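Below, each chain spelled out in residue letters.
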There are 2 protein chains.
Amino acid sequence: MNIVLLSGGSGKRLWPLSNDIRSKQFIKIFKSEDGTYESMVQRVYRQIKKADADANITIATSKTQVSTIHNQLGDQVGISVEPCRRDTFPAIALAAAYLADVRGIDPKEPVVICPVDPYVEDEYFASLKALSLQAKKGEANLVLMGIEPTYPSEKYGYIIPRNSGNISPVDTFKEKPDVTTAKDYISRGALWNGGVFAFRLNYLLKKAHELMDFTDYEDLYAKYHTLTKISFDYAVVEKEKSIQVMRFAGQWKDLGTWNTLTEAMEEHVIGKGILNDTCRGVHIINEMDVPVLAMGLHDVIISASPEGILVSDKEQSSYIKPYVDGIEQQIMFAEKSWGSFRVIDVENGSMTIKVTLNAGHCMNYHSHRNRDEVWVVVSGNGQTIVDGMKQSVKSGDVITMTAGCRHTVIAETELKLIEVQLGSEISVHDKQKYQLEY
Amino acid sequence: MNIVLLSGGSGKRLWPLSNDIRSKQFIKIFKSEDGTYESMVQRVYRQIKKADADANITIATSKTQVSTIHNQLGDQVGISVEPCRRDTFPAIALAAAYLADVRGIDPKEPVVICPVDPYVEDEYFASLKALSLQAKKGEANLVLMGIEPTYPSEKYGYIIPRNSGNISPVDTFKEKPDVTTAKDYISRGALWNGGVFAFRLNYLLKKAHELMDFTDYEDLYAKYHTLTKISFDYAVVEKEKSIQVMRFAGQWKDLGTWNTLTEAMEEHVIGKGILNDTCRGVHIINEMDVPVLAMGLHDVIISASPEGILVSDKEQSSYIKPYVDGIEQQIMFAEKSWGSFRVIDVENGSMTIKVTLNAGHCMNYHSHRNRDEVWVVVSGNGQTIVDGMKQSVKSGDVITMTAGCRHTVIAETELKLIEVQLGSEISVHDKQKYQLEY
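Report follows, based on the coordinates. (Residues numbered from 1 in each chain as written. Chains lettered and ligands numbered in written order. Predicted model: local features only at pLDDT ≥ 70, side-chain atom pairs only at ≥ 80, totals over all residues. Heavy atoms only, no water.)

1. Some remarks on the overall build of chain A
Inference 1: Along chain A, the regular secondary structure elements total 10 helices and 30 strands.
Inference 2: Scaling as 2.2 N^0.38, a compact globule of 438 residues should have a C-alpha radius of gyration of about 22 Å, and chain A matches this with 24 Å.
Inference 3: Here the C-alpha coordinates of chain A stretch approximately 70 × 60 × 40 Å along the principal axes.
Inference 4: When each of the 438 residues of chain A is scored for burial, the buried share is 55%.
Inference 5: Counting only contacts in chain A whose residues sit at least 6 apart along the sequence, the fraction spanning at least 24 positions is 65%.
Inference 6: For chain A, the exposed area adds up to about 18600 Å²; of that, 47% sits on carbon and sulfur atoms.
Inference 7: Counting 48 positive and 57 negative side-chain charges, chain A places the averaged centre of each group 3 Å from the other. (Helix = DSSP H or I, 4+ residues; strand = E, 2+ residues; numbered from the N terminus. Rg over C-alpha atoms; globule rule 2.2 N^0.38 Å. Buried < 20%, exposed > 50% of the residue type's maximum accessible area, 1.4 Å probe, protein only. Contact = heavy atoms within 4.5 Å. Areas by Shrake-Rupley, 256 points an atom, 1.4 Å probe, with all protein chains shown as cover. Lys, Arg positive; Asp, Glu negative; His and termini not counted. Charge placed at Lys NZ, Arg CZ, Asp CG, Glu CD.)

Dropping the structure here:
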């Protein structure tokens, strides 16, 4: 099975764990079979591999997520990198060109497109395989998954099938309705549109060439920023006559809010947290080093991260976005291709961060125009390169770098350091990258 | 008026703002007339000075609070330092000896004893003056303040006066009762015992010499650790026949729990915090640099500090102590005589703290046996002394100190530095102090 997972952009609905650079699908919140915590993307990836060990998985995403995806899924996963965000049709077209031109997939092969963040059981992935096989038959140009509704939701679009068979031609699509209309749809046999569909690769490439002027993957990639933003639904689905829908009746959840997310959590407390015996329906997700103590609360979510602290009634938590939009807070934590960093002190004229490099990794060789830096290695071993000079470093070593000086650190073991940045204009944009000189 | 304020020990009922080394009376939580925040002790001190500009104020407290008291009240305030905790009778006796022998107060003068943390209006301090004048008259050996009860509290002891006059002999004292008994006491004209009383200095000195073998203040101070722990109530009040009570009918609150404390707060949010429009009766007290967002909560207190995060139903907050006792958390923040420090990172084999020195102050000249240290100055100017070598330092300067090396920093302006401690056994007890060698 060829599967493309669409990994969406930044989101604030799960603040303070998600933010402008960390999307909800990367939050490690689900207890996996071996007792460690995994993210939505790790869970889905593991489930696909379990359903189909030979699955060819490609993640379609933006540049900003590539480091995190490699950190969480390893270096083997295929990634179709969108140079910028251009909505779902260009993203799927780019992924299709990537599969054909980079990965050499036979254009007659079927491809399944699926969001990266459904919370589902293993049967869902068996159903994706069935969807792929149905697309391969070529009875229709597109085969959609229709999820049997469990309540008249206003959050989803609806698919109305022509008949009640497991596979049926699609009669019509309906936008997100109000509850009354949703009840009416459901009485007519409507299914939720969960954004999952399959097609043969050559079908999508043909559509792409019809709507966009490009020769191959490289050309499409180069032109990507010039493309018009357009959704796959609008560009393809609404105009296509030959569409089938396949029913899926198993568990399917969209974990977009704290309320739905905590329903899927096995434990009430992740991280340091204490619930007293008068708490009911309280969840704590705490990424800080200090404890959270909750007393006498009912149906409340508490989440603390280096970005901030949320305490919300679970129902209310779905209205979080405008409040978070109003918070001006610099990025306090980020995963990078080489590890991660966390801001631990902000002062007028200085910023102190804790940097963790994974064993075998190094940050870019770079310099800053407007700030000096001091590194104090606090654990691990590695090598620093400063203006071309290579030096072994270990816990306790201090490296001072003036503005303009080129520098990097290469971790032999996992290596942690405290970096003090000093200057009147400290900005993440003040960075020039260089090729390593050794 | 001579007034001794009893500044009690550490408390965990206002965790995470109070802890083993920061008592509730030092939390800056009340908006003062100039718009800045002041602590209980600052508020009371200001109110006393307003009621009696010539008041001779002494704070009876333990060694651990001396730095904070000087930071909050200045260097002029009198402090009677208890070398160790020995309950209220030895503490009051030591303060009395301090007033007589160190401050030269005439033994015929009256002294008022009062807790440092009542939340009261200015009329209370006028009442303390009246209490002092009544004690001076010598009609009784002890004059207590009796607070007119506003409800049948189980939290206070009761004083039953002989008559309903403003000043009356005391008939009897009652321990903390249950609600029914409290109602009965109140129907008999009982008053709350708020721990406020006055006597002539020579009365107390006589009592002290009767019960303890000492010559003068210095001798008592030297013997303090050998004294028996005994309360003033048990040692003096219960045995004294000649006691009057003076009524006080004004506002009086004991702010011992989050519930009562938030009732006294003028604002719902101190620090970075957002309440959405469905919050009712919610208070946020946030000492962290990142925001707290509260949504859809009712009658909840949220408090965040470098020690931890509390989210509690207000009623439940009075049951906090056993939960906080169960938390093992190193001290993350402390005020010192020279400024303050905050732990910003803890790693196996290292700890990073941010140190703020007040202008004109310096830390002790000291060394550590088991850890190296690195200082990075991030703001201000000063001088470091390292193994006797004096050096001017400014923002950006780096000082490395190996274990055993003697060091201090003297702040010319306010000076902030990041200190990275490195070693396998990092402990606050690993410190040898020296006389400065310059």
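Still more to cover.
2. Some remarks on the relation of the copies chain B and chain A
Inference 1: The transform that puts chain B on chain A rotates by 180° and translates by 0.0 Å along the axis, for an RMSD of 0.1 Å. In the structure described here, the two chain copies are related by an operation that fits a two-fold rotation axis. Ranked by how close their C-alpha atoms come to the rotation axis, the residues of chain B are headed by Ile344 of chain B, at 2.9 Å.
Inference 2: Taken as a fraction of all interface residues of chain B, those also at the interface in chain A reach 100%, which identifies the copy contact as same-surface. (Least-squares fit on C-alpha atoms with pLDDT ≥ 70 in both.)

3. Here's the deal with the pattern of salt bridges
Inference 1: A full pass over the atoms with the stated rule returns 45 salt bridges over all chains.
Inference 2: A salt bridge links Glu148 of chain A to Arg247 of chain A, with the nearest nitrogen and oxygen atoms 2.8 Å apart. Residue Glu148 of chain A is found in the loop between β8 (142-147) and β9 (157-161), and its partner Arg247 of chain A is found in strand β12 (residues 243-248); the two are separated by 99 residues along the sequence.
Inference 3: One salt bridge connects Arg342 of chain B with Asp289 of chain B, and the closest N-O pair in it is separated by 3.9 Å. Taken together, the positions of Arg342 of chain B in strand β21 (residues 339-347) and Asp289 of chain B in the loop between β16 (283-286) and β17 (292-295) put the pair 53 residues apart, joining distant regions of the chain.
Inference 4: Classification of Arg342 of chain B by relative accessible area gives partly exposed; the value is 24%. (Salt bridge = Lys/Arg side-chain N within 4 Å of Asp/Glu carboxyl O.)

4. Thoughts on the interface of chain B and chain A
Inference 1: Taken residue by residue, the interface counts 55 residues in chain B and 55 residues in chain A.
Inference 2: For the chain B and chain A pair, buried surface summed over both sides reaches about 4100 Å², with 68% attributable to carbon and sulfur atoms.
Inference 3: Applying the counting rule to chain B against chain A returns eight salt bridges.
Inference 4: The element best represented in the side of chain B that touches chain A is strand β19 (residues 308-313) of chain B, accounting for six residues.
Inference 5: Here the side of chain B that touches chain A is composed, by residue class, of 33 nonpolar, 13 polar and nine charged.
Inference 6: As paired strands, strand β17 (residues 292-295) of chain A and β19 of chain B are joined by four bridges and run parallel to one another. What sits directly across from Met295 of chain A, in β19 of chain B, is Ser312 of chain B. (Buried area = accessible area lost by both parts, 1.4 Å probe. Nonpolar A, V, L, I, M, F, W, Y, C, P; charged D, E, K, R; others polar. Pairing = 2+ DSSP bridges.)

5. Re the sheet that holds strand β24 (residues 372-379) of chain B
All names here are of chain B.
Inference 1: Spatial ordering of the open sheet is given by β20-β21-β22-β29-β24-β27, a layout of six strands whose pairing is antiparallel. Two strands lie at the open edges of the sheet, namely β20 (333-336) and β27 (398-401), each paired on one side alone. Between one strand and the next, the sheet's axes are offset by a mean angle of 20°, whatever the strand orientation.
Inference 2: Pairing analysis gives four bridges linking β24 to β27, with the strands arranged antiparallel. Looking across to β27, one finds that Val376 is bridged to Val398.
Inference 3: Each of β20 and β21 touches helix α2 (residues 66-73); the most contacted strand, β20, lies at about 70° to it. (Axes fitted to C-alpha atoms, helices over the stretch in contact; angles between N-to-C directions.)

6. Description of the packing of helix α1 (residues 40-51) of chain B against helix α4 (residues 122-137) of chain B
Residue and element names in this part refer to chain B.
Inference 1: Contact geometry of α1 with α4 gives a least axis separation of 9 Å together with a crossing angle of 60°. The orientation of α1 relative to α4 falls into the category oblique. Crossing handedness for the pair α1 and α4: right-handed. Contacts between α1 and α4 involve Val44, Gln47, Ile48, Lys50 and Ala51 on the former and, on the latter, Asp122, Phe125 and Lys129.
Inference 2: For the contact of α1 with α4, a count of residues per class yields four nonpolar, one polar and three charged. (Parallel < 35°, antiparallel > 145°, perpendicular 65-115°, else oblique. Left-handed = near helix turned anticlockwise from the far one by under 90°.)

7. Let's talk about the side chain of Glu347 of chain A
Inference 1: Looking at the element boundaries, Glu347 of chain A is found in strand β21 (residues 339-347).
Inference 2: Side-chain polar atoms of Glu347 of chain A contact the side chain of Lys354 of chain B, separated by 2.4 Å.
Inference 3: Setting aside its immediate chain neighbours within four residues, Glu347 of chain A contacts Lys354, Val378, Ser379 and Lys416 of chain B. (Polar contact = N/O pair within 3.5 Å; in protein donor to acceptor, adjacent residues only side chain to side chain.)

8. Concerning the sheet that holds strand β29 (residues 415-422) of chain A
Residue and element names in this part refer to chain A.
Inference 1: The strand order across the open sheet built from six strands is β20-β21-β22-β29-β24-β27, with neighbouring strands paired in antiparallel fashion. At either margin of the open sheet sits one strand with a lone partner, and together these are β20 (333-336) and β27 (398-401). Direction aside, neighbouring strands of the sheet carry axes that sit 20° apart on average.
Inference 2: Across seven bridges, the pairing between strand β24 (residues 372-379) and β29 is antiparallel. Within the sheet, the bridge partner assigned to Trp375 lies in β29 and is Glu419.
Inference 3: In this fold helix α2 (residues 63-73) packs onto β20 and β21, with an angle of close to 70° to the strand it touches most, β20.

9. Quick word on the nonpolar core
Inference 1: In terms of nonpolar packing, the biggest core is built from 68 residues, with Leu297 and Ile302 of chain A together with Leu297 and Ile302 of chain B touching the most fellow members.
Inference 2: In this structure Leu297 of chain A touches Thr278, Cys279, Arg280, Val282 and Ile302 of chain A together with Val300, Val311, Ser312 and Asp313 of chain B, once residues within four positions along its chain are discounted. (Core = buried A, V, L, I, M, F, W, Y, C linked by side-chain atoms within 4.5 Å.)

10. Points about the side chain of Thr384 of chain A
Inference 1: Looking at where Thr384 of chain A falls in the secondary structure, it is placed in strand β25 (residues 381-386).
Inference 2: In contact with Thr384 of chain A, not counting residues within four places along its chain, are Trp375, Met389, Lys390, Gln391, Val393, Ile399, Thr408 and Val409 of chain A.

11. Side note on the packing of aromatic side chains
Residues and elements named next belong to chain A.
Inference 1: By the definition in use, this model includes 30 aromatic pairs over all chains.
Inference 2: Ring geometry for Tyr365 and Tyr434: centres 6.3 Å apart, planes at 70°, overall edge-to-face. Placement of Tyr365 in strand β23 (residues 365-367) and of Tyr434 in strand β30 (residues 432-434) is noted, with a sequence separation of 69 residues between them.
Inference 3: Look at Tyr365 and you get buried, because its relative accessible area is 2%. (Phe/Tyr/Trp six-rings, centres within 6.5 Å; stacked < 30°, edge-to-face > 60°.)

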